[in-house]
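Residue-level structure breakdown
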Amino acid sequence: MTSAPSSSSSSSKNNNNDTSVPWSVRASTIFKKAAASSSSPSSSSPDQQQNQQNNNVVISSSNRMPTNLEATSQASSLSTSRVTSHIPVSPATQDNLPKHQDTNTRFWQYPSEAMFFAAMRRKGWDPDSEDMKSVVAIHNAVNERCWHEVSWWEARHESTCPSGATLRRFQGRPKDYSPKARLLNLLGYKLPFDRHDWYVDRCGREVRYVIDFYNAAVPPGSPAPAAVYLDVRPALDSVEALVDRVSVQLGWMTSMRWMAGKE
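Residues numbered from 1 in each chain as written. Predicted model: local features only at pLDDT ≥ 70, side-chain atom pairs only at ≥ 80, totals over all residues. Heavy atoms only, no water.

As for the state of the cysteines
With the rule as written, the count across this model stands at 1 disulfide. One disulfide bridge connects Cys161 with Cys203, the sulfur atoms lying 2.0 Å from each other. On the sign convention where negative is left-handed, the bridge of Cys161 and Cys203, at about 80 degrees about the S-S bond, is right-handed. Placement of Cys161 in the loop between helix H5 (132-154) and strand E4 (166-172) and of Cys203 in the loop between strand E5 (194-202) and strand E6 (205-216) is noted, with a sequence separation of 42 residues between them. Residue class for Cys161 comes out buried when judged on its relative accessible area of 6%. Exposure remark for Cys203: the relative accessible area of 39% places this residue in the partly exposed category. (Disulfide = S-S within 2.5 Å. Helix = DSSP H or I, 4+ residues; strand = E, 2+ residues; numbered from the N terminus. Buried < 20%, exposed > 50% of the residue type's maximum accessible area, 1.4 Å probe, protein only.)

What follows is the structure, given as structure tokens:
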């Protein structure tokens, strides 16, 4: 594990018969839309925010999550079933969950196909109902990977938080490029297509994580239509976070694993 972006991909297939655009390209575009649709209004453009207001999207002031995300859709064939994630809900959020979240589970629930379709419409996108199965699969797989990376960092603090970290809330900030992303861009790398800030509950203490999403090449022979690089790290909001990041970076450099690609 290094502080460099980790790779996540989805092998979800699409039944769309449109062969004019390669599915790998469509999958990448779909994921960008899915990421934008799962973000809070602060990450949207003014036009998209106005569109949300016109559709009566209510945002909780405490956790910046939609409180009235409905599973209505003009595409009646879309599934309304939902998948429960492996991301635990923070006790601080448990009593103020959005209405669309099941209060009887300790884990966040992912939106259904119908909910995603409705959310994308509210965001100003023109979604294709046939893409929704893949949208949900890609969205869920990438978020599971994000939490896996967050948990890896949080394992460093197991002695002070033996019960493990939980997720309070998240915020999409696709155009608020992090200092690291800007630095990498100056060095010739492309900017991330999305950014999320995840607010983690470390046994009563809130810790912010920055997640940058980059397009990636699908590994040869992989059945996945798209791949995403994730750069997950604690935000530099404290000396403790700085120590974590420097320690991990030094460990990666001294391990010489960075030389593997040059052999």
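Following the structure, the description resumes.
What about the environment of Arg106?
Along the chain, Arg106 falls in the loop between helix H3 (91-94) and strand E3 (107-109). For the pair Arg106 and Ser85, spaced 21 residues apart in sequence, the C-alpha to C-alpha distance is 9.6 Å. Dropping the residues within four chain positions of it, Arg106 is found in contact with Ile87, Pro88 and Val89. (Contact = heavy atoms within 4.5 Å.)

Quick word on the pairing of strand E7 (residues 226-234)
On a regular strand, each side chain points to the face opposite its neighbour's, so the side chains alternate between the two faces of the sheet. With 8 of 9 residues buried, E7 lies mostly within the body of the structure. Bridge analysis of E6 against E7 gives 8 bridges, and the strand direction is antiparallel. In the strand pairing of E7, Tyr209 is matched with Pro234. (Pairing = 2+ DSSP bridges.)

A short note on helix H7 (residues 239-255)
In this model H7 runs 24 Å from its N-terminal to its C-terminal C-alpha over 17 residues, within 8% of the 24 Å that 1.5 Å per residue would give. By the burial criterion, the buried members of H7 are Ala241, Asp244, Arg245 and Val248. The buried residues of H7 occupy one face: seen down the axis, they fall within an arc of 90 degrees. In H7, those exposed residues whose orientation departs by more than 90 degrees from the buried face are Val239 and Thr254. (Expected span 1.5 Å × (residues − 1). Arc of directions from axis to C-beta.)

Regarding the pattern of salt bridges
Enumeration according to the criterion identifies 16 salt bridges in this entry. A salt bridge links Arg145 to Glu149; its shortest N-O distance comes to 2.8 Å. Separated by 4 residues within a single helix, Arg145 and Glu149 lie in helix H5, roughly one turn from each other. On the accessibility criterion, Arg145 (28% relative accessible area) is partly exposed. Judged by relative accessible area, Glu149 falls into the buried class, the value being 2%. (Salt bridge = Lys/Arg side-chain N within 4 Å of Asp/Glu carboxyl O.)

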